[in-house]
Amino acid sequence: MSSNQSAPGLGRPLVIGTPVAEFEPRPPRRVGGYRPDTAVDGWSSAAFTVRAASVRGYQHRHDGTPRQDDFAVSWHEGTGAVVAAVADGVSSVELAHLGATLACRSATDQLVRVLDAGEEPDWPDVMRCAGWALVEFARGQAGADNPSARAERLLSTTLLVALVRPREDGSARAQVCRVGDSTGWVLDGGTWTCLTEESPGIAEVATVALPHLPRELRAESVDLPVGSVLLLGTDGVGGALGDGAGLVGAAFAGALGSPPPPLEFARLLDFSRETFDDDRTMLGVWPKGAP
């Protein structure tokens, strides 16, 4: 790639406002194993279309540090539900990226087990399972502290989990639960609705990170009409998006009214805008409507 073509991420990024200076990303240091710069997923079931991406932030690309965000998403065949999670490892801990991965996969696996059993999710239990996965991993790491303290020191992470179930009319109902400052939104007809900003006790929930849990933990429920999309995002997305009234909100609203191809979804997430340089992870679930 010639010097005038070099750019972070998936080719030349979408520029919103004043862009970040162009540079070639440094390779991430191997802290706890291989970590790709960008992860992308996308598929459709009978009821939903799903897109997901996680991109290394410009600061981490410049510094040669790994992406500390991650996501996990599964389809439950028996109910047709989508189970999804996004996580943002706490930047100050050594294995934040592994904490994010463990939390997402543990939480989604637990929700799939709950659905397999024909039960309703116990959301504190789902989050406890994710926190326990961090503690169990930390148990195998060197350190003089106990496994719980070791998990906090090495693997702390936010976690946002969603269970999205189809309805007969083609719409959907979602439950969203979080620990930390990742956020969920519904985008419908160009209008943004944040799912968590008015929740009681939200200040405490937003400042806690796994393996700790807040004193109060519950899921928000929301209807997803046909034509809307549920979006889950880490704070690298939330900080840029805000209330959706700015340039980033307009760009996202224009691109996400219907599901874009997976790589276009990732390119949108990889936008270049001055001062917004954190890792970004976003996952979208679109109800497909009645067959």
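This text follows the structure it describes.
Residues numbered from 1 in each chain as written. Predicted model: local features only at pLDDT ≥ 70, side-chain atom pairs only at ≥ 80, totals over all residues. Heavy atoms only, no water.

Chemist: Help me out: how do you make sense of the nonpolar core in this one?
Modeler: The nonpolar side chains of a soluble globular protein tend to be buried with one another. Ranked by size, the top nonpolar core spans 32 residues in total, and within it Trp123, Met127, Leu155, Leu159, Val161 and Leu210 carry the most contacts. Looking at this core, the elements with two or more residues in it are strand S4 (81-88), helix H2 (96-116), helix H3 (123-139), helix H4 (147-155), strand S5 (159-166) and strand S6 (172-179). Apart from residues no more than four positions distant in its own chain, Met127 is found in contact with Leu159, Val161, Cys177, Arg178, Val179, Leu210, Leu213 and Leu217. In this structure, Val73, Val82, Ala174 and Val176 belong to the second largest nonpolar core, which totals 23 residues. (Core = buried A, V, L, I, M, F, W, Y, C linked by side-chain atoms within 4.5 Å. Buried < 20%, exposed > 50% of the residue type's maximum accessible area, 1.4 Å probe, protein only. Helix = DSSP H or I, 4+ residues; strand = E, 2+ residues; numbered from the N terminus. Contact = heavy atoms within 4.5 Å.)

Chemist: How do you make sense of the side chain of Arg280 when you look at a structure like this?
Modeler: Looking at the secondary structure, you find Arg280 in strand S11 (residues 280-287). Buried within the structure, Arg280 lacks any salt-bridge partner; Asp270 is the closest side chain of opposite charge, at an N-O distance of 4.9 Å. Engagement of the side chain of Arg280 in a polar contact is seen with the backbone oxygen of Phe271, the distance being 2.6 Å. When neighbours within four sequence positions are excluded, Arg280 is seen to be in contact with Ala53, Ser54, Val55, Tyr58, Asp69, Thr234, Gly236, Val237, Leu269, Asp270 and Phe271. (Lys, Arg positive; Asp, Glu negative; His and termini not counted. Salt bridge = Lys/Arg side-chain N within 4 Å of Asp/Glu carboxyl O. Polar contact = N/O pair within 3.5 Å; in protein donor to acceptor, adjacent residues only side chain to side chain.)

Chemist: Sorry, what's going on with the pattern of salt bridges here?
Modeler: Opposite charge on two side chains makes pairing possible when the charged atoms of those side chains draw close. Taken as a whole and assessed by the stated rule, the structure comprises 12 salt bridges. For the salt bridge of Asp37 with Arg56, the shortest nitrogen-to-oxygen distance reads 3.0 Å. With Asp37 in the segment before strand S1 (38-44) and Arg56 in the loop between strand S2 (48-55) and helix H1 (58-63), this residue pair connects regions lying 19 residues apart in the sequence. Each member of the pair, Asp37 as well as Arg56, is classed as buried. Among the ionic pairs, Glu136 bridges to Arg139, the shortest N-O distance being 2.8 Å. Of this pair, Glu136 and Arg139 are both found in helix H3, 3 residues apart, which corresponds to roughly one turn of the helix. On the accessibility criterion, Glu136 (36% relative accessible area) is partly exposed. Under the relative-accessibility criterion, Arg139 is labelled partly exposed at 42%. Taken together, the shared-partner salt bridges in this structure form one network comprising Asp37, Arg56, Arg61 and Asp270.

Chemist: I'm lost on the sheet that holds strand S7 (residues 183-188) in this one. Help?
Modeler: Through backbone hydrogen bonds, the strands of a sheet pair up, either in parallel or in antiparallel fashion. The 6 strands are arranged S1-S2-S11-S10-S7-S8 in an open sheet whose pairing can be described as antiparallel. Of all the strands in the sheet, the pair left with one neighbour each is S1 and strand S8 (191-194). Taking each pair of neighbouring strands and ignoring which way they run, the sheet shows an average axis angle of 15°. Where strand S10 (residues 228-233) and S11 come together, 4 bridges link them in antiparallel fashion. The residue bridging Gly233 from the neighbouring strand is Met282, located in S11. With respect to the sheet, helix H7 (residues 247-255) is in contact with S7, S8 and S11, its orientation differing from that of S8 by roughly 110°. Relative to S2, helix H8 (residues 262-269) is tilted by about 45°, and along the sheet it contacts S1, S2 and S11. (Pairing = 2+ DSSP bridges. Axes fitted to C-alpha atoms, helices over the stretch in contact; angles between N-to-C directions.)

Chemist: I keep staring at unusual backbone geometry and nothing clicks. Help me out?
Modeler: Here Leu210 and Pro211 are connected by a cis peptide whose omega angle stands at 15°. Looking at the secondary structure, you find Pro211 in the loop between helix H5 (202-207) and strand S9 (220-224).

Chemist: Whenever I open this one, the packing of aromatic side chains confuses me. Can you help?
Modeler: Given two aromatic rings, their pairing is described by the distance between the two centres and the angle made by the two planes. Counted according to the given criterion, the structure contains 2 aromatic pairs. Centre to centre, the rings of Phe252 and Phe271 are 5.9 Å apart; their planes meet at 75°, and the pair counts as edge-to-face. Taken together, the residues span a long stretch of sequence, with Phe252 in helix H7 and Phe271 in the loop between H8 and S11 at a distance of 19 residues. Given the relative accessible area of 1%, Phe271 is considered buried. Between the aromatic rings of Phe265 and Trp286, the centroid separation amounts to 6.4 Å while the plane-to-plane angle is 75°, which identifies the pairing as edge-to-face. Of this pair, Phe265 sits in helix H8 while Trp286 sits in strand S11, and the two are 21 residues apart along the sequence. Judged by its relative accessible area of 0%, Phe265 is buried. (Phe/Tyr/Trp six-rings, centres within 6.5 Å; stacked < 30°, edge-to-face > 60°.)

Keep in mind that these numbers describe shape and distance, not what the molecule does.
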